[in-house]
Amino acid sequence: MRENKLKTLAKRAAHKFSHQSLFVKYFTVFSMMVFTCFLVLGLTLGVFVINYWTNQKAVLLKENAKNTATSTAEVLGSWLRDNPQGSVVFICNNLTTVSEAIDADVFMCDPNGKVILCKELLSNGYEVAEGGRCNIHDTYRVPQEILQKVNNKGYYERGKLGDMFNTTHLTAIEPVRVNGQIAGYVLAVEPISINFKGYVLDVIRMFLFASLMALAIGFIIIYLFTVNLIHPLKEMSKATKAYATGDFSPRVAVSGSDELAELTSAFNRMASALATQESSRRNFVANVSHELKTPMTTIGGFIDGILDGTIPPEKEKHYLEIVSGETKRLSRLVTAMLNMSKIEAGELRLQPKPFDLCQEIFNTMLNFEQLIEKKHIDIQGLDALSPTVIHADRDMLHQVIYNLVDNAVKFTENGVIFVGVRQDAKNTTVSIRNTGTSGISSEELSRVFERFYKVDKSRSYDTKGAGLGLYICKTIIEMHGGTIQAQSDGNAFVEFSFTLPNEQPNAQA
């Protein structure tokens, strides 16, 4: 029953603690750790103090017991016959002096264990008390089994000396030898419960005072440290709530270079990326709306003109060709959007098979023949192409080549488009370079493959697109295990090139 109650209380405490703030959790755990460390330190110090005090007292009792036994033996050997009264007075006075010096009880017993000399036998006038008896030590009788253990090195014990004491004592015993015979034993005795308690209490007071001061300082430091640690997380939480409403402007201040600073930096980078993506998304919506509206308006206007007779019959073919071009433009835009959706959903699959890459490039160029002639573009490199077979998804690569050629033609006026293909044992590289353009700056060059991104308006004012073509190209090339890159001097030319491995797996997500 008691165990169930304890388990219930533990579960409640754990549940309550789990619902506390991160600051409370961290501060509580840290404080408990510090308190536990001080508790362990206090217990360790207590054990050390006990052992130290005991060892020091043992050395003190042994040395004084031995010295007293030596001086007593000298007195008994030289004075006892000539002056027995003086010998007793001298020995008892010596026992009194030693006892007071080491704060212990030093006395002498005979070989049978009966106490015969002690500090209580002397009166204030240095005379032996009446009857030579001591009310305190008369009841003591040192056990024979203890005395038998005393040898030339003496004897030491921490205990009750048989049944002689009621409490634990530290006892050192040294034999008193006179003319080679044991005349008695000197005992130096100190009860642990008296002096030790005072000594330990003094140490405990000092330790508690120092511990409380250290804990107070430690708790203050922990509090400040925890506040500083939690503050960036709170700022991130506030910023996240702002992001949820569409406001991507808040940023979290970065301080230091630790893991939290790295997390804060990553969070700010994520916010910048989200802001850029949101801006790109809005631009994309605007671009797509414009791209859809313009051809649909054109198509509707020309068809209405044909139907109501505004456009004369002899010009119907011309305007129907314009309608056909706008329809194809709409189809390409819808296809790009569908491909982007498939890419994001992971539904785009490769269907690799062998085909002639150079033939695909030549066929794609034919689609732009009229526009190339209209813009007076010189195509170079086609005559140098030779059959180049690779194993890849033909339809996807057609889209890549079409987008790159379309880009080159779109941004070239009275210039040159160069097409090159190189193949080695493992890889095939296709490059399409166009001149007669203003080039692309280094800042924009690093972003041309981003989704929804379009180069600056001054360069693309008369161009059409939603910023998806190069993003789709990059995705398709990477699905094939290849790489794509863009180069430009920022002034005269732009070159796009991609490299593909000659062999592809049968299917790939």
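Nothing here was measured: the structure is a model prediction, and the numbers come from that model. (Residues numbered from 1 in each chain as written. Predicted model: local features only at pLDDT ≥ 70, side-chain atom pairs only at ≥ 80, totals over all residues. Heavy atoms only, no water.)

## Details of the overall build of the protein
Logical step 1: Within the protein one finds 13 helices and 12 strands.
Logical step 2: Looking at the protein as a whole, 39% of its 509 residues qualify as buried.
Logical step 3: If you take every contact in the protein between residues at least 6 apart in sequence, the share linking residues at least 24 apart comes to 66%.
Logical step 4: When the accessible area of the protein is evaluated, it comes to approximately 30,200 Å², of which 56% is carbon and sulfur surface. (Helix = DSSP H or I, 4+ residues; strand = E, 2+ residues; numbered from the N terminus. Buried < 20%, exposed > 50% of the residue type's maximum accessible area, 1.4 Å probe, protein only. Contact = heavy atoms within 4.5 Å. Areas by Shrake-Rupley, 256 points an atom, 1.4 Å probe, with all protein chains shown as cover.)

## Here's the deal with the pairing of strand S10 (residues 427-435)
Logical step 1: Relative to S10, strand S9 (residues 416-423) is paired through 7 bridges, and the arrangement is antiparallel. Directly across from Gly 420, in S10, lies its bridge partner Ser 431.
Logical step 2: Linking two consecutive strands that pair antiparallel, namely S9 and S10, is a turn of 3 residues.
Logical step 3: Across 9 bridges, S10 lies against strand S12 (residues 493-501) in antiparallel orientation. (Pairing = 2+ DSSP bridges.)

## Looking at a nonpolar patch on the surface
Logical step 1: Judged by side-chain polarity, Ile 220, Tyr 223, Leu 224 and Val 227 come together as a nonpolar surface patch covering roughly 370 Å² of accessible area.
Logical step 2: By relative accessible area, Val 227 is classed as partly exposed at 34%. (Patch = residues over 30% accessible without salt bridge, like charges linked within 9 Å, V, L, I, M, F, W, Y side chains within 5 Å. Salt bridge = Lys/Arg side-chain N within 4 Å of Asp/Glu carboxyl O.)

## Focus: the confidence of the model for the protein
Logical step 1: A residue-level look at the protein finds 81% of positions with pLDDT of 70 or above and a mean pLDDT of 80.
Logical step 2: Across residues 456-463 the pLDDT falls below 50, and counting only partners more than four positions away or on other chains, this stretch makes 11 contacts in the model. (pLDDT = per-residue confidence, 0-100.)

## Thoughts on the pattern of salt bridges
Logical step 1: For the coordinates displayed, the defined rule picks out 6 salt bridges.
Logical step 2: Here Glu 413 ties to Lys 375 by a salt bridge, and the two come within 3.3 Å at their closest N and O atoms. Remark: Lys 375 occurs in the loop between helix H9 (369-374) and strand S7 (378-380) and Glu 413 occurs in the loop between helix H10 (394-410) and S9; sequence separation between them is 38 residues.
Logical step 3: Overall, Glu 413 belongs to the partly exposed group, its relative accessible area being 47%.
Logical step 4: Classification of Lys 375 as buried rests on a relative accessible area of 11%.

## Quick look at the nonpolar core
It is characteristic of soluble globular proteins that their nonpolar side chains tend to be buried jointly.
Logical step 1: Phe 107, Val 142, Leu 161, Ile 173, Val 176 and Leu 187 are the most contacted members of the largest nonpolar core, which has 44 residues in total.
Logical step 2: Secondary structure elements with two or more residues in this core: helix H2 (22-78), helix H3 (84-102), strand S1 (105-109), strand S2 (115-117), helix H4 (144-147), strand S4 (169-178) and strand S5 (181-191).
Logical step 3: Tallying contributions element by element places H2 first for this core, with 7 residues.
Logical step 4: Setting aside its immediate chain neighbours within four residues, Leu 161 contacts Val 142, Pro 143, Ile 146, Tyr 155, Thr 171, Ile 173 and Leu 187.
Logical step 5: Counting residues in hydrophobic clusters, the runner-up holds 43 residues, among them Leu 404, Val 405, Ala 408 and Ile 472. (Core = buried A, V, L, I, M, F, W, Y, C linked by side-chain atoms within 4.5 Å.)

## Observations regarding helix H8 (residues 357-367)
In an α-helix there are 3.6 residues to a turn, and that puts residues three or four apart on one side.
Logical step 1: For H8, the full list of buried residues reads Leu 357, Cys 358, Glu 360, Ile 361, Thr 364 and Met 365. Within H8, the buried residues cover an arc of 155° as seen down the axis, which keeps them to one side.
Logical step 2: Residues of H8 that are buried sit in contact with strand S6 (353-356), H9, strand S8 (389-392), H10, S9 and S10.
Logical step 3: Backbone nitrogen of Cys 358 and a side-chain oxygen of the N-cap are separated by 3.1 Å at the start of H8; the cap is Asp 356. (Arc of directions from axis to C-beta. Polar contact = N/O pair within 3.5 Å; in protein donor to acceptor, adjacent residues only side chain to side chain.)

## Considering helix H13 (residues 469-479)
Logical step 1: The buried fraction of H13 amounts to 8 of the 11 residues, a majority that puts the element mostly inside the structure.
Logical step 2: Three or more residues of H13 are buried, namely Leu 470, Tyr 471, Ile 472, Cys 473, Thr 475, Ile 476, Ile 477 and Met 479.
Logical step 3: After H13 finishes, the residue Gly 481 shows a positive phi value of roughly 80°.

## Thoughts on the packing of aromatic side chains
Logical step 1: Across all of its chains, the model carries 7 aromatic pairs by this definition.
Logical step 2: Seen in terms of ring centroids, Phe 48 and Tyr 52 are 6.1 Å apart; in terms of plane orientation they differ by 20°. Their pairing is stacked. Taken together, the residues Phe 48 and Tyr 52, both in helix H2 and 4 residues apart, mark about one turn of the helix.
Logical step 3: Ring geometry for Phe 107 and Tyr 140: centres 5.9 Å apart, planes at 50°, overall tilted. Linking Phe 107 in strand S1 with Tyr 140 in the loop between S2 and H4, this pair joins segments that are 33 residues apart in sequence.
Logical step 4: Using a relative accessible area of 0% as the deciding quantity, one classes Phe 107 as buried.
Logical step 5: For Tyr 140, a relative accessible area of 18% translates into the label buried.
Logical step 6: Linked through ring pairs, Phe 107, Tyr 140 and Phe 165 together constitute an aromatic cluster.
Logical step 7: When the ring centre of Phe 493 is taken as origin, the NZ or CZ atom of Arg 433, which lies over that ring, is 4.0 Å away. (Phe/Tyr/Trp six-rings, centres within 6.5 Å; stacked < 30°, edge-to-face > 60°. Lys NZ or Arg CZ within 6 Å of the ring centre and 35° of its normal.)

## Concerning the sheet that holds S7
Strands pair in a sheet through their backbones, by hydrogen bonds, and they do so in one of two ways: parallel or antiparallel.
Logical step 1: Strand order in the open sheet made by the 5 strands is S7-S9-S10-S12-S11, with mixed pairing throughout. Each edge of the sheet is formed by a strand with only one pairing partner; in this case those strands are S7 and strand S11 (483-488). Averaged over neighbouring strand pairs, the angle between their axes works out to 15° when direction is ignored.
Logical step 2: Against the sheet, H8 engages S9 and S10, with an angle of about 165° to S9.
Logical step 3: Packing of H10 onto the sheet brings it into contact with S9, S10 and S12, and relative to S12 it is tilted by some 170°. (Axes fitted to C-alpha atoms, helices over the stretch in contact; angles between N-to-C directions.)

## Concerning the sheet that holds S5
Logical step 1: Reading across from one edge, S2-S1-S5-S4-S3 is the order of the 5 strands in this open sheet, with antiparallel pairing throughout. What marks the edges here is a single partner per strand, and that holds for S2 and strand S3 (155-159). Direction aside, neighbouring strands of the sheet carry axes that sit 35° apart on average.
Logical step 2: Sheet topology note: the S4/S5 ladder contains 10 bridges and is antiparallel. Considered in S5, the bridge of Leu 170 is made with Glu 190.

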